[in-house]
Amino acid sequence: MASPTHHVVDIHTHMYPPAYIELLESRNSIPLIRKFAGADEPRLIILPAEAESLDKTTTTTPNDPASSTSSSPHLPGRPVTSHYSSLKQKLHFMDTHQIDISVISLANPWLDFIPSEDAGETAKSINQEFSHMCGQAPGRLFFFATLPLTAPPETLLAAVGHIRSLKYCRGVILGTSGLGKGLDDPALVPVFRALGANKLTVFLHPHYGLPSEVWGPRATDEYGHVLPLALGFPMETTIAVARMYLAGVFEQAPELRLILAHSGGTLPFLAGRIESCVVHDGQLVREGKAGPGSGRRTLWQVLKEQIYLDAVVYSEVGLKAAVEASGVDRLMFGTDHPFFPPLGSDEQGEWESVTWNAEAVRKALGEGSEGARAVMGGNAFEILRLHEEDAAGADAKVI
Ligand code: 5CU
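Residues numbered from 1 in each chain as written. Predicted model: local features only at pLDDT ≥ 70, side-chain atom pairs only at ≥ 80, totals over all residues. Heavy atoms only, no water.

A. Spotlight on the pairing of strand 1 (residues 9–15). Burial runs high along strand 1: seven of the seven residues are buried. One ladder, built from five bridges, connects strand 1 with strand 5 (residues 101–106); its direction is parallel. If you follow Val 9 over to strand 5, its bridge partner there is Ile 101. (Buried < 20%, exposed > 50% of the residue type's maximum accessible area, 1.4 Å probe, protein only. Helix = DSSP H or I, 4+ residues; strand = E, 2+ residues; numbered from the N terminus. Pairing = 2+ DSSP bridges.)

B. Broad picture of the site of the ligand. With respect to spatial proximity, the complete set of residues near the ligand consists of His 14, Ile 46, Leu 47, Arg 78, Asn 108, His 205, Leu 229, Phe 233, Asp 336, Phe 339 and Phe 340. For the ligand, an oxygen atom lies 3.4 Å from a polar atom in the side chain of His 14. In the model, an oxygen atom of the ligand is placed 2.9 Å from a nitrogen or oxygen of the His 205 side chain. Residues belonging to the shell around the ligand are distributed by class as follows: six nonpolar, three polar and two charged. The residue makeup of the shell around the ligand includes at least three contributed by each of domain 1 (9–16 + 83–383) and domain 2 (17–79). (Near = heavy atom within 4 Å. Polar contact = N/O pair within 3.5 Å; in protein donor to acceptor, adjacent residues only side chain to side chain. Nonpolar A, V, L, I, M, F, W, Y, C, P; charged D, E, K, R; others polar. Domains from an automatic or database assignment.)

C. Representation of helix 8 (residues 226–247). The first and last C-alpha atoms of helix 8 sit 31 Å apart over 22 residues, in line with the 32 Å expected at 1.5 Å per residue. The axis of helix 8 is deflected most strongly, by about 35°, at Gly 232, and proline Pro 234 appears within four residues downstream. Just beyond helix 8, the residue with positive phi is Gly 248, at close to 80°. (Expected span 1.5 Å × (residues − 1). Bend = angle between axes of the 7 residues up to and from the residue.)

D. Geometry of the packing of helix 5 (residues 153–164) against helix 6 (residues 189–197). The geometry of helix 5 relative to helix 6 is characterised by a closest axis approach of 10 Å and an angle of 10° between their N-to-C directions. Considering the angle they form, helix 5 stands roughly parallel to helix 6. Touching Leu 156, Leu 157 and Val 160 of helix 5 are Pro 190, Val 191, Ala 194 and Leu 195, all from helix 6. For the contact of helix 5 with helix 6, the per-class residue count stands at seven nonpolar, no polar and no charged. (Axes fitted to C-alpha atoms, helices over the stretch in contact; angles between N-to-C directions. Parallel < 35°, antiparallel > 145°, perpendicular 65-115°, else oblique. Contact = heavy atoms within 4.5 Å.)

E. Expanded view of the nonpolar core. Within the largest apolar cluster, 112 residues are counted, with the highest numbers of intra-cluster contacts made by Tyr 16, Phe 143, Leu 147, Phe 192, Leu 195, Leu 258 and Ile 307. Each of domain 1 (9–16 + 83–383) and domain 2 (17–79) contributes no fewer than three residues to this core. Excluding residues that lie within four positions of it along the chain, Leu 147 makes contacts with Leu 111, Leu 156, Ala 159, Val 160, Ile 163, Val 172, Leu 174, Val 191 and Leu 195. (Core = buried A, V, L, I, M, F, W, Y, C linked by side-chain atoms within 4.5 Å.)

F. Region of interest: the pattern of salt bridges. For the structure on display, the rule yields 11 salt bridges. With a closest N to O distance of 2.5 Å, Arg 78 and Glu 50 form a salt bridge. Of this pair, Arg 78 sits in strand 4 (residues 78–79) while Glu 50 sits in the loop between strand 3 (43–45) and helix 2 (51–56), and the two are 28 residues apart along the sequence. Neither residue differs from the other here; Arg 78 and Glu 50 are each classed as buried. One salt bridge in this structure joins Arg 140 and Asp 95, with 2.9 Å as the shortest N-O distance. (Salt bridge = Lys/Arg side-chain N within 4 Å of Asp/Glu carboxyl O.)

G. Quick look at the domain arrangement of the chain. Entries for the chain in the domain assignment read domain 1 (9–16 + 83–383) and domain 2 (17–79). Domain 1 and domain 2 are separated by 27 Å when their C-alpha centres are compared. Together domain 1 and domain 2 conceal approximately 1,900 Å² of surface at their shared face, both sides included; 71% is due to carbon and sulfur atoms. It is Tyr 16, Phe 113 and Thr 220 in domain 1 that bury the most area against domain 2; as a group they hold 31% of the surface buried on that side. Inspection of the domain 1/domain 2 interface yields zero salt bridges. Linking domain 1 with domain 2 are three residue pairs in polar contact (both at pLDDT 80 or more), by the criterion used here. (Buried area = accessible area lost by both parts, 1.4 Å probe.)

H. Highlighting the pairing of strand 6 (residues 141–146). Burial analysis of strand 6 places six of its six residues in the buried class, which makes it a mostly covered element. Every second residue of strand 6 is oriented toward a common face, with Leu 141, Phe 143 and Ala 145 on one face and Phe 142, Phe 144 and Thr 146 on the other, all of them buried. Where strand 5 and strand 6 come together, four bridges link them in parallel fashion. Each bridged residue has a counterpart across the sheet, and for Ser 105 the counterpart in strand 6 is Phe 144. Each parallel crossover has a hand, and the one from strand 5 via helix 4 (residues 116–136) to strand 6 is right-handed. (Right-handed = clockwise from strand over helix to strand, strands pointing away.)

I. Structural detail: the side chain of Arg 43. Relative to the helices and strands, Arg 43 is located in strand 3. Buried and without a salt bridge, Arg 43 has Glu 41 as its closest oppositely charged side chain, separated by 6.7 Å. Of the polar contacts made by the side chain of Arg 43, one reaches the backbone oxygen of Pro 76; its length is 2.8 Å. Excluding residues that lie within four positions of it along the chain, Arg 43 makes contacts with Leu 32, Ile 33, Arg 34, Phe 36, Leu 75, Pro 76, Gly 77, Arg 78, Pro 79 and Val 80. (Lys, Arg positive; Asp, Glu negative; His and termini not counted.)

J. Examining the environment of Ser 86 more closely. Tracing the chain through its elements places Ser 86 in the loop between strand 4 and helix 3 (87–96). Sequence-wise, Ser 86 and Met 133 are 47 residues apart; in three dimensions their C-alpha atoms are separated by 9.8 Å.

K. The packing of aromatic side chains, seen in detail. Inspection of every chain in the model, using the stated rule, returns nine aromatic pairs. Ring geometry for Tyr 16 against Tyr 20: centres 5.3 Å apart, planes inclined by 5°, an arrangement best described as stacked. Comparing Tyr 16 with Tyr 20, the two get one shared label, buried. (Phe/Tyr/Trp six-rings, centres within 6.5 Å; stacked < 30°, edge-to-face > 60°.)

L. The sheet that holds strand 9 (residues 258–260), seen in detail. Read across the sheet, eight strands follow the order 1-5-6-7-8-9-10-11 without closing on themselves; strand pairing throughout is parallel. In this open sheet, the two strands that pair with only one neighbour each are strand 1 and strand 11 (331–332). Two strands pair when backbone bridges link them, and strand 10 (residues 307–310) and strand 11 are joined in this way by two bridges, in the parallel orientation. Each bridged residue has a counterpart across the sheet, and for Asp 310 the counterpart in strand 11 is Met 332.

What follows is the structure, given as structure tokens:
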């Protein structure tokens, strides 16, 4: 067997298990899955920025494709192929790209839309489904669980208790909305503390982007998904973490560990500017939150102490910035499968979206170098304890 430092580990790889697909198929508002006349596959419509194009597409019932008509040349969303829900397909994708281990997670928008009274049970069954999938390919699959954020606080904390008992679980995937007020909400601190105490790493992932007005009147018809995905997602992550930092969440939950999607959004590039704004802010200095004697950890320190970044940034330049910001020992390869499939070519073959990310690692750190091996898998292996069967194990903390 290859030594752990030679494993390739994908820590950013999603699935919508069959039960979640059924849930989306039963819905009439975003997020949903809907069939359209003339389209081979049903379509997944999840992003707030897709609401307008869905409205422009006249449809009748989701299950009556024959009576659906499209008044828009572009169907909203993306086709739901087997890549979204099939475990066999995930393993094929891994084999095609020489990925030894995947840490799978539910994709956005997770359980953000589930009514409060159902959220606890839904989370439990989805997490069990993930656990079961991992058990089908032991040693090759681990997962980040999902939290019932719309549930009452006691249900949410109980979910952390459930998650930590699941053998292949290594953390949770989390969006930026928190309990509805963002991740700087003081009500979330106990949850962050519980996750930290149980070594459950948070994989922070965007979904909501920025308000659609910022993309301008031409975006819906002319620019596809480019602006919300390329810019909205990274800005959302950047803003969420900046708010956590300013609120002191990292001090209040010192055991909390976050992996930031898409190499931290724009944080590696903007951390210096955020620092400068903090140091020059009269209010923060007056209130003793910044300036001499405040004992403040800089954002750069937090990046190197409590934050990891994925390597889903698609360029050598971005990857170098991420390495500089977090350290080569804190960066982890990812693919974002099943999103960004090759268009018009064989989805069973190599995906360019994957090779770009692997190539960025090679170019930035050197082919076969120690750093490249660490980013491609060695770091994830250690940080997420992929050598341990049961991560929480005997030292699980009572919440
Ligand atoms: O293409 C997309 O919409 C997405 C998405 O929704 N979530 C994600 O992680 N990547 C791409």
